[in-house]
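Report on the structure
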Amino acid sequence: MKRKVKEIIKEVRHSSADVRIGKAGVSEGVLSEIRRRLKEKGVIKVKMLKSALKVEGKDRFEIAKEVAEKVSARLIEVRGRTFILLLPLEVEKKLKTPS
């Protein structure tokens, strides 16, 4: 089971970002889009633009943790201004269904 989760994360790591946080910062609209994508995919990649870091006035790690807490997801990794979120329940459901 752990191996399948790692494979899913590996696929997301090499794809383009699903959601971008722009100069409006972490708004309710961005959070709702992240929630929607997490429900669809289970694992998503989020990119923060430089302007988002300036607007929020926080470190990239702080923003990633804040977003993960607000959408009830697990923060997998932060690389540069990009981070990966995992919705544990969705991944478990995907793994239980036969392929």
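Here is a short report on the structure shown in this document. (Residues numbered from 1 in each chain as written. Predicted model: local features only at pLDDT ≥ 70, side-chain atom pairs only at ≥ 80, totals over all residues. Heavy atoms only, no water.)

1. Some details on the overall build of the chain
Counting its regular elements, the chain contains 5 helices and 4 strands. If you list the helices and strands of the chain from N to C, you get α-β-α-β-α-α-β-β-α. Out of the 99 residues belonging to the chain, those deemed buried represent 38%. Across the chain, the fraction of contacts at a sequence separation of at least 24, relative to all contacts at a separation of at least 6, is 66%. Accessible surface, the chain as shown: approximately 6400 Å² in total, 52% of it carbon and sulfur. (Helix = DSSP H or I, 4+ residues; strand = E, 2+ residues; numbered from the N terminus. Buried < 20%, exposed > 50% of the residue type's maximum accessible area, 1.4 Å probe, protein only. Contact = heavy atoms within 4.5 Å. Areas by Shrake-Rupley, 256 points an atom, 1.4 Å probe, with all protein chains shown as cover.)

2. Some remarks on the pairing of strand β3 (residues 74-79)
Here is the key point about a regular strand: its side chains alternate between the two faces of the sheet. Two strands pair when backbone bridges link them, and β3 and strand β4 (residues 82-86) are joined in this way by 5 bridges, in the antiparallel orientation. In the strand pairing of β4, L75 is matched with L85. The turn joining β3 and β4, which pair antiparallel and follow one another in sequence, is formed by 2 residues; a positive phi near 60° is taken by G80. (Pairing = 2+ DSSP bridges.)

3. Topic: unusual backbone geometry
The phi angle at S72 is positive, at roughly 55°, despite the residue not being glycine. With a relative accessible area of 57%, S72 lands in the exposed category.

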